[in-house]
Structures are given as structure tokens and as C-alpha cells.
Amino acid sequence: MVHMVENLLGPEPTRLPERPEAQAAADGGTDPAKIVRAYPDFSEAWALLAERALHAGDPVAAYAYARTGYHRGLDQLRRAGWKGFGPVPWNHRPNQGFLRALAALARAAREIGEDEEWERCSKFLAESDAEAPAALGLV
């Protein structure tokens, strides 16, 4: 007899598909602007641009880059079956671009005084995966 195990507490985790070429470019240190031109829907490249802008002290540019990466990631999550809630595991490498963009959006929002956006994004990140805020330095 086969027993099926189901998550009775909520939806199954959403795992985005692998993007080997784009991921290799990001992991290899390719300029994220070049990656965006080749793969405009690759959230991790947008997150890298946002993180770079934050590091350079330009939270306005970071906000724009992060918001783009966040929205591109939402589109991909929805295509992967996500219904607007439920786990988006940090330990699944393809999810990290979306989660990094979300964390960068939270940081940039805080830096430009957008407190409501900071709270919303921080909460969304923690609800996506409880490990993500610490992994991304938001704790």
C-alpha cells in the first residue's frame, strides 16, 4: 500500500525552474547589466544591480532595480503555480534571485523613508522562508 504525504497546513513550496545559462553568468561574475540585457526576466541579475546600487549609496536606483527583479520573480512564481502565498524556499537556488530582489527592495524602501513598503517586504520575505531574512542580513 502506498501512503501519500500531503502538507495539511498549506500549499506546497514553490520552486522556480533552473536557469543554467543565466545562473552561470551570475555565478561567474558577469556584469549584471549585461546579464539583464541577455535575460531580462532573470531576477537575480536585477537583485545584483540593486545590491550594487545600495552598496554605492544610491537607494533610488536600488529601489527601481529591486522592484523590477521582484515583479519579474512574481511573474515566474505565478507561472510555477504559486497562488500569492505559501513557501518560496531559500535553499532552492533558483528562488534566491526573487528573494534577494525582495530583500533589496525592503532595504531600499527603508533608505528612502518608505516605511510601509519596508514592513510589507520584510514580512513577505519572512513568510516566504523563515531562513531568508537571516541569510540576506535583514535580521
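Structure: see above.
Report follows, based on the coordinates. (Residues numbered from 1 in each chain as written. Predicted model: local features only at pLDDT ≥ 70, side-chain atom pairs only at ≥ 80, totals over all residues. Heavy atoms only, no water.)

### With respect to the side chain of Ser-128
Here Ser-128 is to be found in helix α6 (residues 115-128). Judged by its relative accessible area of 3%, Ser-128 falls in the buried class. Each residue touching Ser-128, except ones within four places of it in the same chain, is listed here: Gly-86, Pro-87, Val-88, Pro-89 and Leu-99. (Helix = DSSP H or I, 4+ residues; strand = E, 2+ residues; numbered from the N terminus. Buried < 20%, exposed > 50% of the residue type's maximum accessible area, 1.4 Å probe, protein only. Contact = heavy atoms within 4.5 Å.)

### Points about the side chain of Arg-107
With respect to the secondary-structure elements, Arg-107 resides in helix α5 (residues 96-111). Although buried, Arg-107 forms no salt bridge, and the nearest oppositely charged side chain, Glu-51, lies 5.4 Å from it. Setting aside chain neighbours within four positions, we find Arg-107 in contact with Leu-54, Trp-118, Leu-136, Gly-137 and Leu-138. (Lys, Arg positive; Asp, Glu negative; His and termini not counted. Salt bridge = Lys/Arg side-chain N within 4 Å of Asp/Glu carboxyl O.)

### Thoughts on the pattern of salt bridges
Applying the stated criterion across every chain, the model contains 10 salt bridges. Glu-51 serves as the salt-bridge partner of Arg-100, at 2.5 Å between the closest nitrogen and oxygen. Of this pair, Arg-100 sits in helix α5 while Glu-51 sits in helix α3 (residues 43-55), and the two are 49 residues apart along the sequence. Arg-100 gets classed as buried once you look at its relative accessible area, which sits at 16%. With a closest N to O distance of 3.9 Å, Lys-123 and Glu-127 form a salt bridge. In this pair, Lys-123 and Glu-127 are both assigned in helix α6, four residues apart and thus about one turn of the helix distant. Each of the two residues, Lys-123 as well as Glu-127, counts as exposed. Counted as one network, the salt bridges with shared partners bring together Asp-27, Glu-44, Glu-51, Arg-93 and Arg-100.

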